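# Descriptive analysis of the structure
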Amino acid sequence: MKKWILALSMGFIATCSLAALTESPELIVKNVSRDVLEIIKKNDKDPLKARDLVDTRVAPLADYNRMTMLAVGRNWKTATPEQQQALTREFRTMLVRTYFSALSIYKNAQVDVKGTRPGNDASEMSVLTEVSLPGQKPIPLDFSFEKTDTGWKTYDIAVDGISFINNNRNQFNAIIRKDGIEGLIKQLSDRNNAQRNTNK
Amino acid sequence: MRRLLPFFALLLGACATPQNNYDPIEPVNRGIYAFNNAIDKAVVKPAAQAHEKYSPGPVKQGAGNFFGNIDDFFASFGALLQGKGSEASHSMGRVLVNTTLGMFGLVDWASDMGLKKSDEDIGQALGSWGVGSGPYLMLPFRGPTTLRDSSDLAVRFFADPLDIWDGTQDLSTQVIRYSAWGIEQRRQLLPLEQLISTQADPYAYIRDAYLQRRYFKVWDNNPPKPLQLGPTDEELDAMDAAEELQTKTSAASAPASLPASGVAEVAP
């Protein structure tokens, strides 16, 4: 009897993780946005806690490595593996600190999935959504997904047409031209440290 | 004149490696940006923060609605110029309802009545006709725009709807009104403060965000391809190659160029 239950529950767990692997980008966005809005609402008074919870919820679905690679652009190839790691770490810290701490203004927001747009090939896809706050113009929020071995992952988000990747690539290129990859890592970590000190 | 030479060389140097395809007068823009920042830090931001902190909710809501009503007025023309009939009629309907029932725009009744707010303006209309953005401009006291989008400010100024019932706005009224508009707009940007301050190059970040956002709106949120803001990878490769060549040749001719720069420094 016990074996049966075990087998059943094992099977159940297997199907669950399988489902997670094959979850469509659209469904991922729906589930994550629902959870994120809930986190923001529950932690209205504590934006730092909300930020960390959102970070944890989003982390398995975001491909920060690819995000950083695309933001750094052609210079990524010339960076050593250690430099690539450092860049990813600092870029991720920057994104989490800046974007996720500002989420509290969206506590009454509603996220509507508007549809999807195919990417360059079958392994890419964008999910188009709109974030609306009462009495304000809805803000388009688009997620770019790519299919990986561990399911669909987001590698870019565009807020009102402003893409994380695009908006940083230009600045990053300019800094790398001037101060090299090490210079960019230093600038990013200096900014992050300054934030850490002013920000509890 | 000779004293100016290094200055020109600096300007040329800045032009030689453009960061952004749409920012030909970057040094000038950066100067104005620094000026705006100083004004912002001293006056505008504190005022906006005070407004955020001390104005009661209905006052903030009312201020947002009042200026939003003027936005709707121009949005209706922006929509009309693009042949978007339903957007135009919704926007015009909003203006009519909110100006009358909503007490000169202070209350937004139109949203409750299902009249949708549309995000159109004259700059977008021109863009939809194929007018390019033109150079990026940083305006004193006003902030980022482009040559094309500045048409919006001009139209707003010369076809001011408030002139309809108050054709003789004197200077002080105008100053108060535009200050109030500026402070309300600044208040709405306060949540972005941290985002901008953590950037390695806040000027470039704001510029690239502004250009992308406008491009996106011109294409009604569905652009055919991302906007190429800076040099392409191929162009950067070519620039690197040229730079390498230059350092090689200048290293070879370094002794010859020394006296020339020496003269420029000594010259009165």
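This report concerns the structure included in the present document. Everything numeric here is computed off the predicted structure, so don't read it as measured data.

### Some words on the overall build of chain A
When helices and strands are tallied, chain A shows 6 helices and 5 strands. Order of helices (α) and strands (β) in chain A, N terminus to C terminus: α-α-α-α-α-β-β-β-β-β-α. When the 200 residues of chain A are sorted by exposure, 48% land in the buried category. Summarising the internal contacts of chain A: among those between residues at least 6 apart in sequence, 53% fall at separations of at least 24. Of the accessible surface of chain A, which amounts to about 10900 Å², a share of 58% is contributed by carbon and sulfur atoms.

### Topic: the pattern of salt bridges
This structure, assessed with the given rule, holds 38 salt bridges over all chains. Two residues, R74(A) and D237(B), come together in a salt bridge whose shortest N-O distance is 2.5 Å. Here the residue R74(A) occupies a position in the loop between α4 (64–72) and α5 (81–101), and D237(B) occupies one in helix α11 (residues 233–252), the pair thus bridging two chains. Connected via shared salt-bridge partners are D23(B), E26(B), R30(B), D201(B), R207(B) and D208(B).

### Here we look at the nonpolar core
Counting 46 residues, the largest nonpolar core has V58(A), Y64(A), L87(A) and L184(A) as its most contacted members. Of all the elements in the fold, those that place two or more residues in this core are α2 (25–42), α3 (47–58), α4, α5, β2 (124–132), β3 (139–148), β4 (151–159) and α6 (164–198) of chain A. Counting residues per element, this core draws most heavily on α6(A), which supplies 9 residues. Residues contacting Y64(A), with those up to four places away along its chain left out, are D55(A), V58(A), A59(A), T88(A), R92(A), L95(A), V96(A) and F100(A). In terms of nonpolar packing, the next biggest core, distinct from the first, is built from 10 residues, Y33(B), I206(B), Y210(B) and Y215(B) among them.

### Points about the environment of E120(B)
Residue and element names in this part refer to chain B. Structurally, the position occupied by E120 is in the loop between α5 (109–112) and α6 (122–128). Note on E120: relative accessible area 8%, which makes it buried. For the pair formed by E120 and F74, sequence separation is 46 residues and the distance between their alpha carbons is 7.8 Å. Those residues in contact with E120, other than ones at most four positions away along the chain, are A75, G78, A79, Q82, K84 and D220. Here the side chain of E120 touches K84 through a polar contact of 2.7 Å, side chain to side chain.

### Let's talk about the pairing of β3(A)
Sheet faces and side chains relate simply in a regular strand, where the side chains alternate between the two faces. All names here are of chain A. Counting buried positions over the 10 residues of β3 gives 7, a clear majority of the element. Relative to β3, β2 runs antiparallel, the two being bridged by 8 bridges. Within β3, the position partnered with E130 by the bridge is P140. The loop that links β3 with its antiparallel partner β4 comprises 2 residues.

### What to know about the packing of aromatic side chains
With the rule as written, the count across this model stands at 11 aromatic pairs over all chains. Ring centres of F73(B) and F74(B) lie 5.1 Å apart, and the angle between their planes is 85°; this geometry places the pair in the edge-to-face category. In this structure, F73(B) and F74(B) share a single accessibility class: buried. Ring geometry for F157(B) versus Y178(B): centroids 6.3 Å apart, planes at 40°, classification tilted. Of this pair, F157(B) sits in helix α7 (residues 150–158) while Y178(B) sits in helix α8 (residues 171–189), placing them 21 residues apart in sequence. An aromatic cluster of three or more residues is present, and its members are Y33(B), Y136(B), Y203(B) and Y210(B). Here R66(A) stacks its cationic end above the ring of Y155(A), 4.2 Å away from the centre of that ring. For the cation-ring pair, R177(B) lies above Y178(B), with the distance from its terminal atom to the ring centre recorded as 5.0 Å.

### Concerning unusual backbone geometry
All names here are of chain B. In this model, M103 sits at a positive phi of 50°, which is unusual for a non-glycine residue. With respect to the secondary-structure elements, M103 resides in the loop between α4 (85–100) and α5. A positive phi angle, close to 55°, is found at F104, a residue other than glycine. Among the structural elements, F104 can be located in the loop between α4 and α5.

### Regarding a nonpolar patch on the surface
Residue and element names in this part refer to chain B. On the surface, L81, W129 and V131 cluster together into a nonpolar patch covering about 290 Å² of accessible area. Within the secondary structure, L81 sits in helix α3 (residues 57–81). Looking at L81, the relative accessible area reads 38%, which means it is partly exposed.

### Some thoughts on the interface of chain B and chain A
The partner chain A presents 29 residues to the 36 residues of chain B that form the contact. With both sides pooled, the region where chain B packs onto chain A buries about 3000 Å², and carbon together with sulfur makes up 47% of that total. In this assembly, chain B and chain A are joined by 4 salt bridges. Between R213(B) and D160(A) there is a salt bridge, and its shortest N-O distance comes to 2.7 Å. Across the chain B-chain A interface, the total number found is 11 residue pairs in polar contact (both at pLDDT 80 or more). Mapped by element, the contributors of at least two residues to the side of chain B that touches chain A are α9 (193–197), α10 (202–218) and α11 of chain B. Here the element with the most residues in the side of chain B that touches chain A is α10(B); it accounts for 9 residues. Considering only residue class, the side of chain B that touches chain A consists of 13 nonpolar, 12 polar and 11 charged.

### Regarding the side chain of E146(A)
All names here are of chain A. Relative to the helices and strands, E146 resides in strand β3. Exposure remark for E146: the relative accessible area of 12% places this residue in the buried category. For E146, the side chain forms a polar contact with the side chain of R66, separated by 3.0 Å. In contact with E146, not counting residues within four places along its chain, are D63, R66, S123, E124, G151, W152, K153 and Y155.

Rules of the game
- Residue positions are given per chain, counting from 1 as you read along its sequence in written order.
- Following the order in which they are written, the chains are lettered starting with A and the ligands numbered starting with 1.
- Only residues with pLDDT of 70 or above have their local features reported here, since the model is predicted, and side-chain atom pairs are shown and tallied only from 80 upward, although totals for entire chains, interfaces and linings are computed over all residues.
- With hydrogens and water excluded, all non-hydrogen atoms of the structure serve as input to the side-chain values.
- Runs of E in the DSSP output that reach at least two residues are strands. Runs of H or I that reach at least four are helices, and both are numbered from the N terminus.
- Type-normalised accessible area, obtained with a 1.4 Å probe on protein chains alone, sets the label of each residue: buried when under 20%, exposed when over 50%, and partly exposed for intermediate values.
- Contact between two residues is taken to exist if any of their heavy atoms lie within 4.5 Å; hydrogens are not considered.
- For accessible areas, the Shrake-Rupley method is used with a probe of radius 1.4 Å. Any residue's cover is judged against the shown protein chains and nothing else.
- Definition used for salt bridges: Asp or Glu carboxyl oxygen within 4 Å of a side-chain nitrogen of Lys or Arg.
- Throughout this description, the term nonpolar core refers to a set of buried Ala, Val, Leu, Ile, Met, Phe, Trp, Tyr and Cys residues connected via side-chain atoms within 4.5 Å.
- We define a polar contact as two N or O atoms separated by no more than 3.5 Å, with the added condition that, inside protein, one atom must be a possible hydrogen donor and the other a possible acceptor, whereas residues neighbouring each other in sequence contribute only through side-chain atom pairs.
- At least two DSSP bridges between two strands are required for those strands to pair.
- Each pair of aromatic rings taken from Phe, Tyr and Trp, with Trp reduced to its six-membered ring, is defined by centres within 6.5 Å and is described as stacked if the planes are under 30 degrees apart, edge-to-face if over 60, and tilted in the remaining cases.
- We call a charge positioned over a ring when the NZ of a Lys or the CZ of an Arg lies within 6 Å of the ring centre and within 35 degrees of the ring normal.
- Patch membership requires more than 30% relative accessible area and the absence of a salt bridge. Residues of like charge join within 9 Å; the nonpolar side chains Val, Leu, Ile, Met, Phe, Trp and Tyr join within 5 Å.
- Two parts placed together each lose some accessible area under a 1.4 Å probe, and adding up what both lose gives the buried area.
- In this count, Pro and Cys sit with the nonpolar residues alongside Ala, Val, Leu, Ile, Met, Phe, Trp and Tyr, while Asp, Glu, Lys and Arg are called charged and the others, Gly among them, polar.

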